[in-house]
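One-letter residues, chain by chain:
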Amino acid sequence: MWNKQALEQANICAARYADKWYSKILSNYGVTMVQSFVIEQTDQTPRLVLDAEAGTMELVGICYVEDPMDFFAVAFEWMDEYFASGKTELHCVINITYLNTAASKAFRSLMRHMDQHCTSGRNITITWYYEDGDDDALDMGNFYSTNLRVPITIECV
Amino acid sequence: MIATEVLRHYAQAKTTHILMMFKGGLSQNIVVDLGGLLQKRLGFDAKVRKMFSIFVEMAQNIKNYSDEKEISNDGAEVGVGILLLADTGSHYELSCGNLVRNEKVPTLKAQCEYLKSLDKEGLKAYHEERIDSDPPPGSKGAGLGLIDISIKSNANAVFDFVRYDNDYVFFSITAHVSK
C-alpha cells in the first residue's frame, strides 16, 4: 500500500519537474503556472489537495507515517513555488483528526514555514476544523495557533 | 501446545478483559496493520482516537528503543516488545513493555520521574518546549512519545521498571483512557 503511494508521489514529482520547464518558457511570455494536484488519503497519510487556481491547500485525515517529513515536503515545495509564481494569497483548510508525535513535529515545521511566507508579505489564512467533542483535535488547533503569525480560525464541523 | 496450556492463555485473556495482545518485533508496517485492526474492532471516534494515539506511541517506542532486536521481513532492524489493550468497562487500559539495557536505565528513569512530577498543564508546556527543539541525542522520532502518552492519559500513566537479568531491565508503561 505504502509503496504504491510512494510511487504515485514520485510520478507526481516527476510531472512537476517537467512542468517547471514549461513554466519557464511560459514565464518568458509573462505567464506563470503552478501545478495543482491531489494526493489521496492512505491508512497512514492524509489527503492533500494543492489547488493553485483556487489558492487553497487542503489537508484531511490522519498521519502516522514513518518519515512524515517526506510526506510534508511536497506541501513545502509546492508552497514555495506557488508564492514564487507571484501569488500572494493562500487559504488552508485543515481537518486533521490524528497526528502521531513525529507527524506533529513535521506539521509544526510546515506552520513555521507558512509564518516565514507571512513575514515576507504573503497573506495566508488557516481554518482548522474539528469534530464536536474531539478535544484532542481542538487542542491541536489551539496548540498550532500559538506563537504563529498566520491567523487560524478554529471551527467545529 | 496442549489444550490446557492454550486454555490458560485464554482464561487469562478473558479475566483481564484483553481486546488485543501482540508480542514480537514491531516494524512500521506491523504498527499500521495493528492500528487498522484496532479501527476495525472499535471504530475510530474521538475516544478511540485518543486511545489509538497512545497505542501508536507505545508501539513506535518499542520499535525504536527496545534493546531486544529482530530483523523484520522488509530487512529493517526493529525492536521487540509486548503491547496489551484491555477493556475495563469504563476505560481502555493500554500497557507495553520491552527490554532496556542496564546502562540506559538511569536516564530513562529520570525522564519518567520528571514526567510524573508534572500535571497536565505542565506536560503541555513541556511538550511545546520540546516540539520546537532538536530531538534528544539517540532519539529516532520526535522524542515526544512519552510526553504525549502522559498528556493523552491525563497524567495517569505509570512507568515501571523490573529486573529481567544481569544485563536488562524490563520497562513497562500502563495508561488509562476513559471510554
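Residues numbered from 1 in each chain as written. Chains lettered and ligands numbered in written order. Predicted model: local features only at pLDDT ≥ 70, side-chain atom pairs only at ≥ 80, totals over all residues. Heavy atoms only, no water.

J.: Sorry if this is basic, but what is going on with the overall build of chain A here?
T.: Of the regular secondary structure elements, chain A holds 4 helices and 6 strands. Element order for chain A, N to C, with α for helix and β for strand: α-β-β-β-α-β-α-β-α-β. For chain A, the residues scored as buried account for 46% of the 157 residues in total. Here the analysis covers contacts within chain A between residues at least 6 apart in sequence; of these, 64% occur between residues at least 24 apart. (Helix = DSSP H or I, 4+ residues; strand = E, 2+ residues; numbered from the N terminus. Buried < 20%, exposed > 50% of the residue type's maximum accessible area, 1.4 Å probe, protein only. Contact = heavy atoms within 4.5 Å.)

J.: Would you take a moment to explain the sheet that holds strand S3 (residues 56-63) of chain A for this structure?
T.: Strand pairing in a sheet relies on backbone hydrogen bonds. The paired strands run either parallel or antiparallel. Residues and elements named next belong to chain A. If you trace the 6 strands from one edge of the open sheet to the other, you get S1-S2-S3-S4-S5-S6, paired in mixed fashion. The sheet terminates laterally at strand S1 (37-39) and strand S6 (152-156), the two strands that pair on one side only. For this sheet, the mean inter-axis angle between neighbouring strands, taken without regard to orientation, is 15 degrees. The pairing of strand S2 (residues 47-51) with S3 spans 5 bridges and is antiparallel. From the neighbouring strand, Arg47 faces S3, where its bridge partner is Val60. The sheet strands contacting helix H3 (residues 101-119) are S3, strand S4 (89-99) and strand S5 (123-130), and the helix crosses S4 at an angle near 165 degrees. (Pairing = 2+ DSSP bridges. Axes fitted to C-alpha atoms, helices over the stretch in contact; angles between N-to-C directions.)

J.: Explain the packing of aromatic side chains to me, please; I cannot follow it from the model alone.
T.: Here the distance between the centres and the angle between the planes together describe a pair of aromatic rings. Per the counting criterion, the structure on display carries 14 aromatic pairs over all chains. Relative to Tyr82(A), the ring of Trp78(A) lies with its centre 4.9 Å away and its plane at 20 degrees, an arrangement referred to as stacked. Remark: Tyr82(A) and Trp78(A) occur in helix H2 (residues 68-84); sequence separation between them is 4 residues, near one turn of the helix. A single burial state applies to Trp78(A) and to Tyr82(A), both of which are buried. Three or more aromatic residues joined by ring pairs make a cluster, and in this case those are Phe71(A), Phe72(A), Phe107(A), Trp128(A), Phe143(A) and Tyr144(A). Between Arg49(B) and the ring centre of Phe44(B), over which it is positioned, the NZ or CZ distance is 5.8 Å. For the cation-ring pair, Arg101(B) lies above Tyr168(B), with the distance from its terminal atom to the ring centre recorded as 5.2 Å. (Phe/Tyr/Trp six-rings, centres within 6.5 Å; stacked < 30°, edge-to-face > 60°. Lys NZ or Arg CZ within 6 Å of the ring centre and 35° of its normal.)

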